[in-house]
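# Geometric and topological summary
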Protein chains: 2
Amino acid sequence: MTERFGFTLKATDGKARTGVIHTPRGEIRTPAFMPVGTAATVKAMLPGSVRETGADILLGNTYHLMLRPGAERIARLGGLHRFMNWERPILTDSGGFQVMSLASLRKLTEEGVRFSSHIDGSKHMLSPERSMEIQKLLGSDIVMCFDECPALPATDEVVAKSMRLSMRWAQRSRDAFGDRPGHALFGIMQGGVTRDLREESAKALVEIGFDGYAVGGLAVGEGQEAMFDVLDYAPGFLPEDKPRYLMGVGKPDDIVGAVERGIDMMDCVLPSRSGRTGQAWTRRGQVNLRNARHQDDPRPLDEDCTCPACRGYSRAYLHHVLRAQEIIASMLLTWHNLHYYQELMQGLRDAIAEGRLAAFVAGFHAQRAGGDIGPL
Amino acid sequence: MTERFGFTLKATDGKARTGVIHTPRGEIRTPAFMPVGTAATVKAMLPGSVRETGADILLGNTYHLMLRPGAERIARLGGLHRFMNWERPILTDSGGFQVMSLASLRKLTEEGVRFSSHIDGSKHMLSPERSMEIQKLLGSDIVMCFDECPALPATDEVVAKSMRLSMRWAQRSRDAFGDRPGHALFGIMQGGVTRDLREESAKALVEIGFDGYAVGGLAVGEGQEAMFDVLDYAPGFLPEDKPRYLMGVGKPDDIVGAVERGIDMMDCVLPSRSGRTGQAWTRRGQVNLRNARHQDDPRPLDEDCTCPACRGYSRAYLHHVLRAQEIIASMLLTWHNLHYYQELMQGLRDAIAEGRLAAFVAGFHAQRAGGDIGPL
């Protein structure tokens, strides 16, 4: 294993890329999907099982961890990796997005954001400097700049003002991060759905210089079409030799479209969250296992899937444990969904490496159009 | 594997026994602790993990399964083993106890019990004949007689009347069960805490003839002392060459005391249920991981335990995920508790086989008296 952070681009197919991110804690094959471990756990999964699905890296949420159990406490206990028993790479977000969506009594200033915890009402401050400090205390391998992003739709004026604040915060994040060999700092491009603002943001970030670049401010309600419009040009504003991370995305077809447009990393709560509510993602599309049509169905969720849910259980069983609100329902469906997501990523990586992405994507859409295998 | 049900007594130490129950689905080492898989799942555990803790057999609840997803449905889906992905032996209770504790609008007659489901209010009937039919539909390896048991304390008259009804039901259960090679039917001794009634019940059962005998009607609020008083004589009323099963027991010290008194099998929801509420059972006694004294404790729950919770996590982490109500808390603590219980059973089996049970039991109590390893 390398002692420094780095990115090797191995192959491209159109705009799509495949490669490897090197970190002292292991390699991350790209395009990579990062399961979300909000509160130091990927919900309903043991870390060994998350790894078995094929995940090379997890995402941790700075906002949640700073509130409970606290970043200083995690540092005293040896850092987030040891705390949550995951020795491979961890990327932490900056807390900025979650403060704006979860905390109460928020006050945004040039300095940062003051807010009250959604858990116990306690008062806290997040700034570029404090976010860097927290992410260092956690021991994060890939640290994200502290940024701010307005909900869309918003006027260009609002988006531009917010983006420029985020760029000043990016510089402060870079300064506060300092030099930490083996750890990476990623900048976050903002600018909403406005091309000029995206370009301005990218230039500002590249001038500062980061180990990787995120496309932020998408997947916040603008819809897939608007998101793909931005992704048609935004990755092109970023250096080719650094990883590009699309934050908070997404559904399987979002992921495929983003990879086609040159994205290397993604994260989303969707596979785990929808698993807990009985929504399964499969090659043939989405299946709601709470639906009564599954109650007598002896077939597995997906005959060709090798995850424990599909190898060991019928749709009837999954339906039963969902209806009975048994924990095993969350365990099995989260595992299945994460397995499916990682299998999709492996398929994308292989297709790019072999120069057959277009055929892979056509097959992906054709299988989904065929729909669920249906009732007996 | 044998094709017939049988019991081989291998060694005794005082009244305590160790042996093997043979079934077509595998051997059950006795004394055995059976984790409870009420609704076709040991809550928060995958079946492979339950097996890893050392369990040879699970218990399924007829009452829950007949209501949801339904015994006929499970039969159509290939039986309970396939349904829940557990290929080893399963013992099912008769539904009698749970009807009396969970169902509403109960009407008890000589025929059986009419009741309304606690889930949806639907009306059902359980009788010896229907209980045998349901347990056959489930594919249970060890079937329990349909019985009735009054809450203690109760007058001798009430206990005797109830016990004699259960004995008539035992005969009807035996008749309805018929001849099913490879499957066992166990009778259930009743009689409360009254020696004469226990003896009368045992004689009635032995006259009918069963593959094993349970001591029923204990662990229903009478306290450990009263329970041990009964266990001082009740197992002696039963044939030596058949397994003896104490239903619904118990805490680790209940289990040790029962094994000392000649019990071969037990079941209890305690290790799984208390795991979900943050109660851990260890060699040194009970630990409540929700307590704030654990929040900075880097030590494992039990340094000498080899379960995933103790190998991978600190007390601080277990405390955190409990407080954050994360599913992994239930997963890890259930696993730990079941692991501890099975390790205790293995310790008891080895000690009996080697004729050193008294020393083992003295060590068990001494370690617990030493108490939890305490705060930092």
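Please read these numbers as outputs of a predicted model, since none were measured by experiment. (Residues numbered from 1 in each chain as written. Chains lettered and ligands numbered in written order. Predicted model: local features only at pLDDT ≥ 70, side-chain atom pairs only at ≥ 80, totals over all residues. Heavy atoms only, no water.)

## Some thoughts on the domain arrangement of chain A
Residues and elements named next belong to chain A. Structurally, chain A comprises domain 1 (6-268) and domain 2 (275-368). Taken over C-alpha atoms, the centre of domain 1 sits 27 Å from the centre of domain 2. Taken together, the contact pairs 30 residues of domain 1 with 26 residues of domain 2. Between domain 1 and domain 2 the total buried area reaches about 2400 Å² when both faces are included, carbon and sulfur atoms providing 73% of it. Ionic pairing is found between Arg368 and Asp253, a salt bridge with its closest N-O pair at 3.7 Å. Taken together, the connections running from domain 1 to domain 2 amount to six residue pairs in polar contact (both at pLDDT 80 or more). When residues of the side of domain 1 that touches domain 2 are traced back to their parent elements, those giving at least two are strand S1 (6-13), strand S2 (16-23), strand S3 (26-30), strand S4 (32-35), helix H1 (47-52) and helix H10 (252-260). When grouped by side-chain class, the residues that make up the side of domain 1 that touches domain 2 number 15 nonpolar, seven polar and eight charged. (Domains from an automatic or database assignment. Contact = heavy atoms within 4.5 Å. Buried area = accessible area lost by both parts, 1.4 Å probe. Salt bridge = Lys/Arg side-chain N within 4 Å of Asp/Glu carboxyl O. Polar contact = N/O pair within 3.5 Å; in protein donor to acceptor, adjacent residues only side chain to side chain. Helix = DSSP H or I, 4+ residues; strand = E, 2+ residues; numbered from the N terminus. Nonpolar A, V, L, I, M, F, W, Y, C, P; charged D, E, K, R; others polar.)

## A closer look at the pattern of salt bridges
Across all of its chains, the model carries 40 salt bridges over all chains by this definition. Note that Glu111(B) and Arg172(B) form a salt bridge whose closest N and O atoms lie 3.7 Å from each other. Taken together, the residues Glu111(B) in the loop between strand S7 (104-108) and strand S8 (113-116) and Arg172(B) in helix H7 (residues 156-177) connect sequence positions 61 residues apart. Counted as one network, the salt bridges with shared partners bring together Arg25(A), Glu87(A) and Asp141(A).

## Details of the relation of the copies chain A and chain B
Rotating chain A by 180° and moving it 0.0 Å along the rotation axis overlays it on chain B with an RMSD of 0.0 Å. Such a combination of rotation and displacement between the chain copies is what one expects of a two-fold axis. Taking C-alpha positions as the reference, the residue of chain A nearest the rotation axis is Ile327(A), at 3.7 Å. An overlap of 100% is found between the interface residues of chain A and their copies at the interface of chain B, pointing to a shared contact surface. (Least-squares fit on C-alpha atoms with pLDDT ≥ 70 in both.)

## Things to note about the environment of Gln346(B)
Residues and elements named next belong to chain B. Its location among the elements puts Gln346 in helix H14 (residues 327-353). The exposure class assigned to Gln346 is partly exposed, which follows from its relative accessible area of 27%. In this structure the C-alpha to C-alpha distance between Gln346 and Gly54, which are 292 residues apart in sequence, comes to 8.5 Å. A polar contact of 2.8 Å, which involves the side chain of Gln346, links it to the side chain of Asp350. (Buried < 20%, exposed > 50% of the residue type's maximum accessible area, 1.4 Å probe, protein only.)

## Describing the pairing of S7(B)
Residues and elements named next belong to chain B. Here S7 runs beside S8; their pairing, made up of three bridges, is antiparallel. What sits directly across from Lys107, in S8, is Arg114. Hairpin geometry of S7 and S8 is characterised by an intervening segment of four residues between the two adjacent antiparallel strands. (Pairing = 2+ DSSP bridges.)

## Some points on the nonpolar core
Membership of the largest hydrophobic core comes to 204 residues, with the highest contact counts inside it found for Leu246(A), Met266(A) and Met266(B). Ignoring sequence-local partners within four residues, the contact set of Met266(A) consists of Ala32(A), Phe33(A), Met34(A), Tyr245(A), Leu246(A), Val249(A), Ile255(A), Ala258(A), Val259(A) and Met345(A). (Core = buried A, V, L, I, M, F, W, Y, C linked by side-chain atoms within 4.5 Å.)

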